[in-house]
There are 2 protein chains.
Amino acid sequence: MSYRSIKLVKRPELEITEDLFDVVTQAIPQPSEGEVLVKLTHLSLDPAMRGWMSPDENSYIPPVKLGDTMRASGIGDVVASENANFPVGSRVMGLMGLTEYVISNGDNLNQIPKEVPAEAILSVIALPGITAYHGVFEVLKPEAGQTLIITAAAGSVGSLVGQMAKNMGLTVIGVAGSDEKCQWLTSELGFDHAINYKDADFVTQLEQATPNGIDLFFENTGGTAQAPIFDRMNPHGRIAVCGLIADYQKAEPAPGPSWVGIIKRRLTIQGFTMPDHFHRIPEYGQALGAMLAKGELKYRAHVLYGIESATSGINLLFEGKNQGKLIVEL
Amino acid sequence: MSYRSIKLVKRPELEITEDLFDVVTQAIPQPSEGEVLVKLTHLSLDPAMRGWMSPDENSYIPPVKLGDTMRASGIGDVVASENANFPVGSRVMGLMGLTEYVISNGDNLNQIPKEVPAEAILSVIALPGITAYHGVFEVLKPEAGQTLIITAAAGSVGSLVGQMAKNMGLTVIGVAGSDEKCQWLTSELGFDHAINYKDADFVTQLEQATPNGIDLFFENTGGTAQAPIFDRMNPHGRIAVCGLIADYQKAEPAPGPSWVGIIKRRLTIQGFTMPDHFHRIPEYGQALGAMLAKGELKYRAHVLYGIESATSGINLLFEGKNQGKLIVEL
């Protein structure tokens, strides 16, 4: 019996191309003492994977070594076990990689309930959900009545951030890259406004949607929307810098706004990445599960099929072409 | 009996020029019920005054109205009083303006001890001291063993920030604009290193002075030093943005660094200005007075003489030509 896994064999220059990866077929191994064999059913494709492909001494997590299985989170079933904590039949989630099977000692696996669909878990309780939860409750710390703006608002993180804020009584404005996405944000998720950053009159629409300025800014993209949003920040505003997807594939990232505005409006800007906070996953997961069970968080999944679809599929994220959480079903 | 005061009659385009001001001579008034007449002895010239001259809806304090006395802090003696809280002979400090005499209802006056020299009060306990104290203890929150870098380190705020941090066990690096200032920082104030940002090998010197990177950055200037310092920030570093004196007289302030670094290194950047925190002046003043009494804070004052010297004197700040806290003695 054999399985396939995707190895990173070359580092990207700028874009992610097929030649960075090898699809390798190997014999399925058996777990040793303390280990389990997981058969993956769903892989998660996330923007963070771009960073994991490139060496950077300042990055928050070491890059994937050339020749190793590409890092990715996913869901699977324990099909052979020599570890009493994860008996055969356990459903598990973790950073298991772009692979059909994996051997694990269980250290970075979390058991998940079998009755919740994998799409719901990867869309709400996995990386997107804990990122949104941390950004909202630990970084932005919103208060009812404030105005929050979110870039990549229709993305897997942004859509959850906006719903959490709406549930707390904020005015929420989403910025997205297509009219279809904007429509989804207002009609399905209850955002107060949604603006397509590609519109020629984006700045005018932004002014009209934020007559009282902007108190909180959840930044996922960088790019052309950043400066006009920054210029509308209110005194004592807070900015959570979660992602800059518009810059990840540029040789020279765009400069940020002058710091004069940071003083004049006494802003706080805070960058965060989740590996610093993985120890809080159980706590965040419980809170997210409760929100999901109460119907407070809607999501949509964009599902690709078969492990081969992963390497080209990740580019959908950088092109803004995915509609919802990008998942590969195996 | 008459007195002179300096009125703002024109707003600056970029630089501060003599024609922005009129020196007006008026008869000395007498206080009404609840008021006091203060005869000023010392005026403080501070970079913040540049901002007070220009209208900006986002600024933290309203601009000075055209025709009004230019705002400035100072020290004086109560020479006539109809307010029991401030009997004749009281020594007071406050935002009394560029003037030889002023009528006040006492609302924004603080009584100060007569035995402490005015230079010590304006250099340590007035705006520079409370700014340094707030920036260190409320924004940067340093811990022993960390590395702190300060721009305009020989300035009235920066020199106090560095001394407070040294007293807490940090490694402190100062950036200043002359070798004389750098010499003063290391030999008199005990900074670990001081670097002249005008040196051609500034970046190399910076690397050598910060072998373990930079944890905390107290930013007073902007300009060419900002980007190389930003690039050496350690993960979870904190930046207090207090001033950007290099940008205040530019038509177009320089852009800031890309926000990619904010994410990768999970930085927190916080702007602050003191009018938000004036209610804490009594508390901060007490702490600063105690530090001063214990000999923990050295200062130097650059004294000009006569009210006419105030309007040209303020430019010394923007040219980096003052050596110590800039004070006008009347």
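Calculation criteria
Along every chain, residues carry numbers that run from 1 in the direction the sequence is written. Chain labels run from A onward and ligand labels from 1 onward, assigned in the order the entries are written. pLDDT decides what is reported in this predicted model: residues at 70 or higher carry local features, side-chain atom pairs at 80 or more are listed and counted, and totals for whole chains, interfaces and linings draw on all residues regardless. Based on all heavy atoms of the structure, the side-chain values leave hydrogens and waters out of the count. Stacked, edge-to-face and tilted labels apply to pairs of Phe, Tyr and Trp rings (six-membered ring for Trp) whose centres lie within 6.5 Å, assigned for plane angles under 30 degrees, over 60, and everything in between, in that order. Every helix listed is a DSSP run of H or I at least four residues long, and every strand listed is a run of E at least two residues long, numbered separately from the N terminus. Only protein chains enter the calculation, and the probe is 1.4 Å; a residue is then buried if its accessible area is under 20% of its type maximum, exposed if over 50%, and partly exposed in between. Charge over a ring is defined by NZ of Lys or CZ of Arg lying within 6 Å of the ring centre and within 35 degrees of the ring normal. How far a helix is expected to stretch is found by multiplying one less than its residue total by 1.5 Å. In this analysis, two residues are considered to be in contact whenever any of their non-hydrogen atoms come within 4.5 Å of each other. Note on terms: buried area is the combined drop in 1.4 Å-probe accessible area of two parts once they are placed together, counting the loss on both. Whenever a carboxyl oxygen of Asp or Glu lies within 4 Å of a side-chain nitrogen of Lys or Arg, that contact is scored as a salt bridge. Each polar contact in these results corresponds to two N or O atoms within 3.5 Å; when the atoms are within protein, one needs to be able to donate a hydrogen and the other to accept it, and residues that are neighboring in sequence are counted only if both atoms are side-chain atoms. Residues are grouped as follows: Ala, Val, Leu, Ile, Met, Phe, Trp, Tyr, Cys and Pro are nonpolar; Asp, Glu, Lys and Arg are charged; every other residue, Gly included, is polar.

Turning next to the packing of aromatic side chains. In this structure the tally under the stated criterion is 12 aromatic pairs over all chains. Ring centres 6.1 Å apart and planes at 70° place the aromatic pair Phe230(A) and Trp259(B) in the edge-to-face group. Placement of the pair is Phe230(A) in helix α7 (residues 226-230) and Trp259(B) in the loop between β12 (233-241) and α8 (260-264), with the two residues belonging to separate chains. For the residue pair Phe230(A) and Trp259(B), the accessibility class agrees, reading buried in each case. Judged by centre distance (6.4 Å) and plane angle (50°), the ring pair of Trp259(A) and Phe217(B) falls under tilted. Of the two residues, Trp259(A) is situated in the loop between β12 (233-241) and α8 (260-264) and Phe217(B) in strand β11 (residues 214-219); the pairing between them involves two chains. For Trp259(A), a relative accessible area of 4% gives the class buried. A cation over an aromatic ring shows up here: Arg71(B) above the ring of Trp52(B), its NZ or CZ 5.4 Å from the ring centre.

Once that is clear, we can look at helix α4 (residues 156-167) of chain B. Residue and element names in this part refer to chain B. For α4, spanning 12 residues, the distance from its first C-alpha to its last is 17 Å, which sits close to the expected 16 Å at 1.5 Å a residue. Most of α4 sits out of view: 10 of its 12 residues are buried. Listed as buried for α4 are Ser156, Val157, Gly158, Ser159, Leu160, Val161, Gly162, Gln163, Met164 and Ala165. Looking one or two residues beyond α4, the residue adopting positive phi is Gly169, at roughly 90°.

Attention shifts here to the interface of chain A and chain B. Taken together, the contact pairs 37 residues of chain A with 37 residues of chain B. At the boundary of chain A with chain B, total buried surface from both sides reaches about 3,100 Å², with 65% on carbon and sulfur atoms. Viewed at the interface, chain B and chain A are joined by 2 salt bridges. With a closest N to O distance of 2.8 Å, Arg266(A) and Asp276(B) form a salt bridge. Counting across the chain A and chain B interface gives 10 residue pairs in polar contact (both at pLDDT 80 or more). A breakdown of the residues in the side of chain A that touches chain B according to their chemical character gives 19 nonpolar, 11 polar and 7 charged.

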